[in-house]
Amino acid sequence: MNIMLFHSTYGLRPAVHAAADRLRAAGHEVWTPDLFDGRTFDDVEEGMAFKDELGKDELLKRAILAAAPYSERGLVYAGFSLGAATAQTLALGDDKARGLLLLHGTSDIAENATVDELPVQLHVAEPDPFETDDWLSAWYLQMQRAGADVEVYRYAGAGHLYTDPDLDDYDAQAAEATWRTALGFLETL
């Protein structure tokens, strides 16, 4: 599988490279574009401030330019938190997308978005301050209405970015369960 893996608001940190290596070890080709031009952050507020300074349109433009050379291959779009939101936007706009793997995040869905049974898997903490229950319920219904085949996995007690071992959110058990399930999902695509 060809996977475009987008980083979180923390930037392209070691956890993203480790995730890409894990996916490569399972036989996938993986790209990890740096949408922040080498900038990384130690706290979410700094990362969000940089993202806001960059602007949503510029971030999306960078993501599209990173994915464009590979989209003909039929990409699985994946990402962490902000990167998941970016991946979702690209996958819903790419009729060749093979799948969507969301780790720790979702995004708004355009009312006219349609996909042809796009396989989607979401892994998110429970509770998650950025992905509330009400939001996730509405998101799930909108994704189904758009034609996606959605699976949602919740991890009680885990922090928001629980797959990143360098953050306080890290939860080893939830991270392993996520990767086991995600790798199984990718095998079905």
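Only a predicted model underlies this, so the values are computations on that prediction, with no experimental measurement involved.

Caption draft 1: The arrangement of a negative patch on the surface in detail. Taken together, the side chains of Asp-116, Glu-117, Asp-149 and Glu-151 define an acidic patch exposed on the protein surface. Structurally, Glu-117 can be placed in the loop between β4 (99-103) and β5 (119-126). Since its relative accessible area comes to 61%, Glu-117 is described here as exposed.

Caption draft 2: Region of the structure containing the sheet that holds strand β2 (residues 29-31). If you trace the 6 strands from one edge of the open sheet to the other, you get β2-β1-β3-β4-β5-β6, paired in parallel fashion. Taken across any chain shown, the strands that pair with only one partner, and hence form the sheet edges, are β2 and β6 (149-156). The sheet shows a mean angle of 15 degrees between the axes of neighbouring strands, taken without regard to direction. Here β5 runs beside β6; their pairing, made up of 8 bridges, is parallel.

Caption draft 3: Structural context of the pairing of β5. The element β5 is extensively covered by neighbouring structure, given that 6 of its 8 residues are classed as buried. Pairing analysis gives 4 bridges linking β4 to β5, with the strands arranged parallel. Across the sheet, the residue bridging to Leu-102 is Leu-122, located in β5. Considered for its hand, the β-α-β crossover made up of β5, helix α5 (residues 133-146) and β6 is right-handed.

Caption draft 4: Geometry of the side chain of Thr-86. As for its position among the elements, Thr-86 is in helix α4 (residues 82-92). Here Thr-86 falls in the buried class, since its relative accessible area comes to 8%. If we skip the residues at most four places from it in the chain, Thr-86 touches Phe-6, Leu-35, Leu-59 and Ala-63.

Caption draft 5: Broad picture of the environment of Leu-92. If you trace the backbone, Leu-92 turns up in helix α4. Linking Leu-92 and Ala-148, residues 56 residues apart in sequence, is a C-alpha distance of 9.2 Å. With residues near it in sequence (within four places) discarded, Leu-92 still touches Ile-109, Thr-114, Val-115, Leu-118 and Met-143.

Caption draft 6: Broad picture of the pattern of salt bridges. Going through the model one piece at a time under the given rule, you end up with 10 salt bridges. Here Arg-24 makes a salt bridge to Asp-21, at a shortest N to O gap of 3.1 Å. Taken together, the residues Arg-24 and Asp-21, both in helix α1 (residues 14-25) and 3 residues apart, mark about one turn of the helix. Since its relative accessible area comes to 37%, Arg-24 is described here as partly exposed. Taking relative accessible area as the criterion, Asp-21 reaches 48% and is therefore assigned partly exposed. Where Arg-22 meets Glu-176, a salt bridge forms, and the shortest distance between an N and an O atom there is 2.8 Å. With Arg-22 in helix α1 and Glu-176 in helix α6 (residues 172-187), this pair connects stretches of sequence that are 154 residues apart.

Reading the values: rules and limits
- Residues numbered from 1 in each chain as written.
- Predicted model: local features only at pLDDT ≥ 70, side-chain atom pairs only at ≥ 80, totals over all residues.
- Heavy atoms only, no water.
- Patch = residues over 30% accessible without salt bridge, like charges linked within 9 Å, V, L, I, M, F, W, Y side chains within 5 Å.
- Areas by Shrake-Rupley, 256 points an atom, 1.4 Å probe, with all protein chains shown as cover.
- Salt bridge = Lys/Arg side-chain N within 4 Å of Asp/Glu carboxyl O.
- Lys, Arg positive; Asp, Glu negative; His and termini not counted.
- Charge placed at Lys NZ, Arg CZ, Asp CG, Glu CD.
- Helix = DSSP H or I, 4+ residues; strand = E, 2+ residues; numbered from the N terminus.
- Buried < 20%, exposed > 50% of the residue type's maximum accessible area, 1.4 Å probe, protein only.
- Pairing = 2+ DSSP bridges.
- Axes fitted to C-alpha atoms, helices over the stretch in contact; angles between N-to-C directions.
- Right-handed = clockwise from strand over helix to strand, strands pointing away.
- Contact = heavy atoms within 4.5 Å.

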